[in-house]
Amino acid sequence: MTTPGEWGIGAVDLDAYLARVGQPRRAPSEAALKELMRAHARAIPFENVDVVLGQHQGISLDVVHAKLVGRRRGGYCYEQSGLFAAVLEQLGYTVHRLSARVQPRRPGPYTHMTLVVDVDGGSFLADVGFGAGILDPMPLVDGHETDQAGWPHRVTRTGDWWTLQKGDEDILEFRLNEMHPIDYEVYHHYTSTHPKSPFTGRLVIMTIEPGVSRKLLGRELTVEMPDGSRETTTVAPEELEATLKDLGVELTADELERLKQVY
C-alpha cells in the first residue's frame, strides 16, 4: 500500500486548478466526479510537445502543476492522472493509482497510469490521461457499458484482471495493484526517452468532447465522429500554430520555432 504523504499532493493548489477547469469546490459524489472529469477534459488537452522537444522537466507534482495549471499547457498520462489524483484526494475522494497496458492484444509494457476512484459506495475507472478516450467515470462492474462522448465502452473482469473495451477492441488492461511514485518515474523515463516509445518520435495531441474526437498524430489531423465518419488532413508547418491553438496548446515563440524544425 502507498503511505500517507507519499504523493505530495500539497504541491497542487486546489483553488488554482478548479479555476483552470472552471469548476466549483464540491463534496465527493459520483455526479461531482463526472462533472470534474468532463471539465478537466475540456480544459487540459493530451499532448507530448515537451517530450518531442526534449525539454520535459519530469512528473513531480510541483512541475506538473506549474505546467498544466500555471502555464495552462497539457500533458500525457502521468501528468494528467497525477494532477487529477491529487485534486481528488484534496477534495476527499479515495484514489487508487494503477498501471495499465494499452492495446493489450499487442505486446507492450504496462506503462500507462490510470485511476480508480471510490465514491458513493462504488469504484469507478476515472482515466483522464487516456487521450481522446475516456470522458466520464465508468463503474467498475463486470460487463458494465458506458457511453463515452458517443462511443460505447465496456469494462469486463477475468480473475484479477480488468479490461476496458471500445466496441470489439480491447484498449486497456489493468489490475487493482497500487503503484508508488518511483514506478511512474521509471515508466516516464521509458515513455519520454526510448526510441520505441510512441511519444518520442512524433507529436501526439488529442482532445475529446461529446460527439467528436480530434487527434494530431505527426502531421495528420483526424477528426472522428461516433458514427464512424472521419476526416484526415495534413497540417503544413505554416498551419501548425493555428492547429495547436485550436487543440488547446499554446506555446512560446521559441517552443513553436523549435517544434517546426522537428515537425
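Bear in mind the structure is a predicted one, so any value in this text is a computation, not a measurement.

Asker: Quick one: what's the story with the sheet that holds strand S1 (residues 46–47), residue by residue and with numbers?
Answerer: Overall, antiparallel pairing links the five strands, which are arranged S1-S10-S11-S12-S13 in an open sheet. Looking at which strands have only one partner, the edges of the open sheet turn out to be S1 and strand S13 (230–234). Sheet topology note: the strand S12 (residues 220–224)/S13 ladder contains five bridges and is antiparallel. Its bridge partner being in S13, Glu-224 is matched across the sheet by Arg-230.

Asker: An account of the nonpolar core is requested, with residue identities and associated values reported.
Answerer: Of all hydrophobic cores here, the largest spans 65 residues; its most connected members are Tyr-17, Leu-33, Leu-36, Phe-84 and Tyr-93. Discounting residues that sit within four places of it in the chain, Leu-36 has contacts with Tyr-17, Leu-18, Val-21, Gln-23, Phe-84, Val-87, Leu-88 and Leu-91. Counting 15 residues, the second-largest nonpolar core is a separate cluster that includes Ile-205, Leu-221, Leu-247 and Leu-259.

Asker: Go over unusual backbone geometry with me, naming the residues and quoting the values.
Answerer: For Arg-72, which is not glycine, the phi torsion reads 55 degrees and is therefore positive. Tracing the sequence through the fold places Arg-72 in the loop between helix H4 (61–70) and helix H5 (77–91). One non-glycine residue, Gln-103, adopts positive backbone phi at about 50 degrees. Relative to the assigned elements, Gln-103 resides in the loop between strand S2 (94–102) and strand S3 (112–119).

Asker: Can you explain the environment of Tyr-110? Please cite residues and give values.
Answerer: Its place among the elements puts Tyr-110 in the loop between S2 and S3. By relative accessible area, Tyr-110 is classed as partly exposed at 25%. In sequence terms Tyr-110 and Tyr-76 are 34 residues apart; their C-alpha atoms lie 15 Å from each other. If we ignore the near neighbours within four places in the chain, the residues touching Tyr-110 are Ser-99, Ala-100, Arg-101, Trp-161, Glu-173 and Tyr-187. Side-chain polar atoms of Tyr-110 contact the side chain of Arg-101, separated by 3.2 Å. Here the side chain of Tyr-110 touches Glu-173 through a polar contact of 2.5 Å, side chain to side chain.

Asker: Help me get a handle on the packing of aromatic side chains, residues and values and all.
Answerer: Each aromatic ring pair is specified by the distance between its two centres and by the angle formed by the two planes. What the rule picks out here adds up to seven aromatic pairs. When the ring of Tyr-76 is compared with that of Tyr-78, the centres are 5.3 Å apart and the planes differ by 85 degrees; the resulting orientation is edge-to-face. Pair check on accessibility: Tyr-76 and Tyr-78 agree, each one buried. For the pair Tyr-76 and Phe-199, a centre-to-centre distance of 5.4 Å together with 90 degrees between the ring planes defines the contact as edge-to-face. Placement of the pair is Tyr-76 in the loop between H4 and H5 and Phe-199 in the loop between helix H6 (181–193) and strand S10 (204–209), with a sequence separation of 123 residues. Pair check on accessibility: Tyr-76 and Phe-199 agree, each one buried. In textbook terms, an aromatic cluster arises when at least three aromatic residues are bridged by ring pairs, as seen for Trp-7, Phe-46, Tyr-76, Tyr-78, Tyr-184, Tyr-187 and Phe-199. The aromatic ring of Trp-7 is capped on one face by Arg-97, whose charged end is 4.3 Å from the ring centroid. Looking at Arg-219, its charged tip hangs above the ring of Tyr-263, at a distance of 5.2 Å from the centre.

Asker: Please set out the pairing of strand S9 (residues 169–174) residue by residue, giving values where relevant.
Answerer: Here S9 lies mainly inside the structure; five of its six residues are buried. The pairing of strand S8 (residues 161–166) with S9 spans five bridges and is antiparallel. For Thr-163, the partnering residue across the bridge sits in S9 and is Glu-173. Linking S8 to S9, which pair antiparallel, is a turn of two residues; within it Gly-167 sits at a positive phi near 65 degrees.

Asker: Which residues make up the pairing of strand S6 (residues 145–148), and what are the values?
Answerer: In S6, alternate side chains face the same way, and those of Thr-146 and Gln-148 are buried while those of Glu-145 and Asp-147 on the opposite face are not. In terms of strand pairing, S6 meets strand S7 (residues 151–158) through four bridges, oriented antiparallel. The partner of Thr-146 across the bridge, within S7, is His-153. Adjacent in sequence and paired antiparallel, S6 and S7 are bridged by two residues, among which Ala-149 carries a positive phi angle near 60 degrees.

Asker: Outline the pattern of salt bridges, listing residues and values.
Answerer: Applying the stated criterion across every chain, the model contains 16 salt bridges. Between Lys-67 and Glu-79 there is a salt bridge, and its shortest N-O distance comes to 2.9 Å. One end of the pair, Lys-67, is in helix H4; the other, Glu-79, is in helix H5, and twelve residues separate them in sequence. One exposure class covers both Lys-67 and Glu-79, and it is buried.

Asker: Describe in detail the sheet that holds S6, supporting the description with residues and values.
Answerer: If you walk across this open sheet you meet the eight strands as S5-S4-S3-S2-S9-S8-S7-S6, and the pairing is antiparallel. Bordering the open sheet on either side are strand S5 (138–139) and S6, each of which pairs with just one other strand. Pairing analysis gives six bridges linking S7 to S8, with the strands arranged antiparallel. In the strand pairing of S8, Thr-156 is matched with Thr-163. Along the sheet, H5 makes contact with S2 and S3, crossing S3 at roughly 20 degrees.

About the cut-offs
- Residues numbered from 1 in each chain as written.
- Predicted model: local features only at pLDDT ≥ 70, side-chain atom pairs only at ≥ 80, totals over all residues.
- Heavy atoms only, no water.
- Pairing = 2+ DSSP bridges.
- Helix = DSSP H or I, 4+ residues; strand = E, 2+ residues; numbered from the N terminus.
- Core = buried A, V, L, I, M, F, W, Y, C linked by side-chain atoms within 4.5 Å.
- Buried < 20%, exposed > 50% of the residue type's maximum accessible area, 1.4 Å probe, protein only.
- Contact = heavy atoms within 4.5 Å.
- Polar contact = N/O pair within 3.5 Å; in protein donor to acceptor, adjacent residues only side chain to side chain.
- Phe/Tyr/Trp six-rings, centres within 6.5 Å; stacked < 30°, edge-to-face > 60°.
- Lys NZ or Arg CZ within 6 Å of the ring centre and 35° of its normal.
- Salt bridge = Lys/Arg side-chain N within 4 Å of Asp/Glu carboxyl O.
- Axes fitted to C-alpha atoms, helices over the stretch in contact; angles between N-to-C directions.

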